[in-house]
Amino acid sequence: MAAAIRHRTVEANGIAMHVAEAGEEASQRVVVFLHGFPELWYSWRHQMAHLAARGYRCVAPDLRGYGATDAPPDVASYSAFHVVGDVVALLDALGLGKVFVVGHDWGAIIAWYLCLFRADRVTALVNTSVAFMRHVFIRAGSGAVKTTDYFNRTYGPTYYICRFQEPGVAEKEFSPANARYIVRQILCNRFTSEAAGGGKPAEERAAAGEPLPSWLTEADVDHFASEFERTGFTGGINYYRNIDRNWELAAPWADAKVMVPTKFIVGDGDLTYHYPGIQDYIHKGGFKADVPTLEGVVVVPGAGHFIQQEKADEVSNHIQDFFSKF
């Protein structure tokens, strides 16, 4: 890889955060990357190399509960307030004022919250996979439906977000001892509705040993697997166990809009692009109403959920093109 990756631990918001960095530390053009589930800073390796080679300083933490970052035991300490607090405290610890932000999956959700709560710290945003969904993220309006109730009604109790709510159930399914198999299955299945729907234990879903897609190597799987074998998956699962809490906590922002210049990228094969009504919302004005500074939506043909790895060059170019305007 072209860019050398530097690693350090930063004390921020009461936890020790592991941070991977690339590019010139003196650069004033700083990009902070926020990963999703079940991922790590490593999910951004391609974008970090691309942008570091073009003069950006790249900062990619393992979010709380992941990798070499602390994993507090209390479920309630994985709320959006905590994780947004981690990002802001990380910027403070690194002496950074406003930064570019790129998010994916849960990292995208955290980035939306960051732009609502602390827009003063974000120059521009590229979010991937998860659009801004007010009814899911924020308790708003008299007919508001709790997030877990929404997913239960939409997909049923076997849907992974619903299954994750009960302590111990997800931990049994996501055993650290099976981390390699789990990571491989999720990445290879690209998080389609079939992969996320449950009903069968992970061990029974799809044949083990299927060839890896061209964008993923055994060394990549090794990196993810070795970390999750060590840490387990509970930290990441705890984000899902806070979705109703986040929905309540965000109620003061019920009518707030995201006022950060934004570009959104999603694969046409991503489960999140096939939520009921989401394509109409994204393409027919609803998204733009909630994010008035939305400057573009890119739908990538043939891409699934892990778009920054599946279509690394395309995503990197979109990020660079957008951030070069600022």
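The rules we used
Residues numbered from 1 in each chain as written. Predicted model: local features only at pLDDT ≥ 70, side-chain atom pairs only at ≥ 80, totals over all residues. Heavy atoms only, no water. UniProt positions renumbered as here; feature names shortened; annotations may be inferred. Buried < 20%, exposed > 50% of the residue type's maximum accessible area, 1.4 Å probe, protein only. Helix = DSSP H or I, 4+ residues; strand = E, 2+ residues; numbered from the N terminus. Pairing = 2+ DSSP bridges. Right-handed = clockwise from strand over helix to strand, strands pointing away. Axes fitted to C-alpha atoms, helices over the stretch in contact; angles between N-to-C directions. Contact = heavy atoms within 4.5 Å. Polar contact = N/O pair within 3.5 Å; in protein donor to acceptor, adjacent residues only side chain to side chain. Phe/Tyr/Trp six-rings, centres within 6.5 Å; stacked < 30°, edge-to-face > 60°. Salt bridge = Lys/Arg side-chain N within 4 Å of Asp/Glu carboxyl O.

- Per an unreviewed UniProt entry, the chain carries the name soluble epoxide hydrolase and comes from Urochloa decumbens.
- For the chain, the Pathway (unreviewed entry) comment in UniProt is given as "Secondary metabolite biosynthesis; terpenoid biosynthesis."
- Of the comments in the UniProt record for the chain, the one headed Sequence similarities (unreviewed entry) reads "Belongs to the AB hydrolase superfamily. Epoxide hydrolase family."

Some words on the pairing of strand β3 (residues 30–34)
The side chains of a regular strand alternate, first on one face of the sheet and then on the other.
Now for step 1: With five of five residues buried, β3 lies mostly within the body of the structure.
Now for step 2: Neither face of β3 is left uncovered, since the one carrying V30, V32 and L34 and the one carrying V31 and F33 both have all their residues buried.
Now for step 3: The sheet contact formed by β3 and strand β4 (residues 57–61) spans three bridges and is parallel. Looking at the pairing, V31 lines up with C58 of β4.
Now for step 4: The β-α-β motif built from β3, the intervening helix α1 (residues 45–52) and the parallel element β4 has right-handed crossover chirality.
Now for step 5: Here four bridges tie β3 to strand β5 (residues 99–104), and the two strands are oriented parallel to one another. Looking at the pairing, V31 lines up with F100 of β5.

Things to note about the sheet that holds β3
Now for step 1: Pairing in this open sheet of eight strands is mixed, and the strands run β1-β2-β4-β3-β5-β6-β7-β8 from one edge to the other. Edge positions in the open sheet fall to β1 (6–12) and β8 (294–300), since each of these has one partner strand only. Across this sheet, the average inter-strand angle for adjacent strands is 20°, counted without regard to direction.
Now for step 2: In the sheet, β1 pairs with strand β2 (residues 15–22) via seven bridges, with the strands oriented antiparallel. Counterpart to T9 in the pairing with β2 is H18.

As for the environment of Y56
Now for step 1: With respect to the helices, strands and loops of the structure, Y56 is situated in the loop between α1 and β4.
Now for step 2: With residues up to four places along the chain from it excluded, the contact list for Y56 reads A22, G23, E24, S27, R29, V31, L51, F100, Q320, F323 and S324.
Now for step 3: Within the local environment of Y56, its side chain forms a polar contact with the side chain of R29, the two groups lying 3.0 Å apart.

Quick notes on the packing of aromatic side chains
Now for step 1: Using the criterion set out here, one finds 37 aromatic pairs in the structure.
Now for step 2: Centre to centre, the rings of W112 and F287 are 5.9 Å apart; their planes meet at 75°, and the pair counts as edge-to-face. You can see W112 sitting in helix α3 (residues 106–117) and its partner F287 sitting in helix α14 (residues 286–290), a full 175 residues away along the chain.
Now for step 3: Residue F287 is classed as buried on the basis of its relative accessible area of 0%.

Some words on the pattern of salt bridges
Now for step 1: Taken as a whole and assessed by the stated rule, the structure comprises 18 salt bridges.
Now for step 2: Among the ionic pairs, R6 bridges to E25, the shortest N-O distance being 4.0 Å. One end of the pair, R6, is in strand β1; the other, E25, is in the loop between β2 and β3, and 19 residues separate them in sequence.
Now for step 3: Overall, the relative accessible area of 45% leaves E25 in the partly exposed class.
Now for step 4: The partner of R57 in a salt bridge is E21, with the nearest N and O atoms 2.9 Å apart. On the criterion of sequence distance, the pair formed by R57 in strand β4 and E21 in strand β2 is long-range, its members being 36 residues apart.

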